[in-house]
Amino acid sequence: MLRDDAWRGRDFSGQRVAVIGPGDEVARIVPSVIATAARVKVFQEEARWLRPPGPPAGSLGGSVARLVTTPIGQVADLLGVAGPVDRLVGERLSRRHLRRSVDDAWTRRLLTPHRRFGARGTSVERDYYRALADERCVLVAWPVYALVTDGVRSAEGVEHRVDVVVVTAGSRLRATLQDTDRSEEQSR
């Protein structure tokens, strides 16, 4: 099992990998993992808003986009003071990007957050949607219930055989694992 950033720079050639965590964190990890892995199963614990990437720096469109989106995307998120208009614009841009990037309606539904835009922060989506469209990548709709000998068991009782499990820093499963680690240390 890999935690935090232990996945960075790792070659997953020929391996089946499970990535577990909230949407913004798995969106950051999955494109790198799918580049070398044989198969990737994504267990997204909670969908998070992912903003579209802006135009390239140096272009006129990039300069205009930065003027328009900087208060929405960065300052407002950092300070937590995004107003209703900022949230509305950000959510509409994110929804449109998701709709244009993901053809399958069910997958779009799984990737659409239930919270309002900016409630849990937002991230820029670069290659996550493209990685999910790869035939070697699967978005699993059920949360992980347990780690088992050959992989993970999802809440509906299916055991997913994987060689490597990547648990993100913000994963609910990680908190459970830390509690288990503490209990084992105390019992020694």
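Just so it is clear, the model here is predicted, and its values are computed rather than measured.

Criteria and cut-off values
- Residues numbered from 1 in each chain as written.
- Predicted model: local features only at pLDDT ≥ 70, side-chain atom pairs only at ≥ 80, totals over all residues.
- Heavy atoms only, no water.
- Helix = DSSP H or I, 4+ residues; strand = E, 2+ residues; numbered from the N terminus.
- Buried < 20%, exposed > 50% of the residue type's maximum accessible area, 1.4 Å probe, protein only.
- Contact = heavy atoms within 4.5 Å.
- Pairing = 2+ DSSP bridges.
- Axes fitted to C-alpha atoms, helices over the stretch in contact; angles between N-to-C directions.
- Phe/Tyr/Trp six-rings, centres within 6.5 Å; stacked < 30°, edge-to-face > 60°.
- pLDDT = per-residue confidence, 0-100.
- Polar contact = N/O pair within 3.5 Å; in protein donor to acceptor, adjacent residues only side chain to side chain.
- Core = buried A, V, L, I, M, F, W, Y, C linked by side-chain atoms within 4.5 Å.

Further remarks concern the environment of Ala-141. Relative to the assigned elements, Ala-141 resides in the loop between strand E6 (137-140) and strand E7 (144-148). You can call Ala-141 partly exposed: its relative accessible area is 45%. Non-local contacts of Ala-141, meaning those with residues more than four positions away in its chain, are made with Trp-106 and Leu-110.

We now examine the sheet that holds strand E9 (residues 159-161). Read across the open sheet, the three strands follow the order E7-E8-E9; overall the sheet is antiparallel. Taken across any chain shown, the strands that pair with only one partner, and hence form the sheet edges, are E7 and E9. Across this sheet, the average inter-strand angle for adjacent strands is 30 degrees, counted without regard to direction. Pairing of strand E8 (residues 151-154) with E9, which is carried by three bridges, proceeds in the antiparallel orientation.

Structurally, the position occupied by Arg-28 is in helix H1 (residues 23-34). Residue classification places Arg-28 among the partly exposed residues on the basis of a relative accessible area of 41%. As a C-alpha pair, Arg-28 and Arg-126 span 98 residues in sequence and 8.3 Å in three-dimensional space. Ignoring any residue separated from it by four or fewer positions in sequence, one finds Arg-28 in contact with Asp-5, Trp-7 and Arg-8.

What follows concerns the packing of aromatic side chains. To describe a pair of aromatic rings, one takes the distance between the centres and the angle between the planes. Throughout the structure, instances matching the rule amount to two aromatic pairs. Centre to centre, the rings of Trp-49 and Phe-117 are 6.0 Å apart; their planes meet at 55 degrees, and the pair counts as tilted. With a gap of 68 residues between them, Trp-49 in the loop between strand E3 (39-44) and strand E4 (50-51) and Phe-117 in the loop between helix H4 (105-111) and strand E5 (123-124) connect regions that are remote in the sequence. Under the relative-accessibility criterion, Trp-49 is labelled buried at 5%. What makes Phe-117 buried here is its relative accessible area of 2%.

The next thing to look at is the confidence of the model for the protein chain. When pLDDT is averaged along the protein chain, the result is 81, and 75% of the positions lie at 70 or above. Counted against residues more than four places away or in other chains, residues 57-68, with its pLDDT under 50, gives eight contacts. Per-residue pLDDT stays below 50 along residues 179-184; that stretch engages in one contact with residues further than four places along the chain or on separate chains.

Take the side chain of Asp-24 next. Take Asp-24: it is sitting in helix H1. Here Asp-24 falls in the buried class, since its relative accessible area comes to 17%. Only 3.1 Å separates the side chain of Asp-24 from the side chain of Arg-48, close enough to count as a polar contact. With residues near it in sequence (within four places) discarded, Asp-24 still touches Arg-48, Leu-50 and Ser-123.

Core analysis: the biggest nonpolar cluster contains 26 residues, and Val-17, Val-40, Val-42 and Tyr-128 have the highest contact counts within it. In terms of residue count, H1 provides more of this core than any other element does, six residues in total. Excluding its chain neighbours within four sequence positions, the residues that come into contact with Val-42 are Val-19, Val-26, Val-30, Tyr-128, Leu-132, Cys-137, Val-138, Leu-139 and Val-140. Ranked by size, the runner-up nonpolar core spans ten residues in total, among them Phe-43, Val-152, Val-167 and Leu-173.

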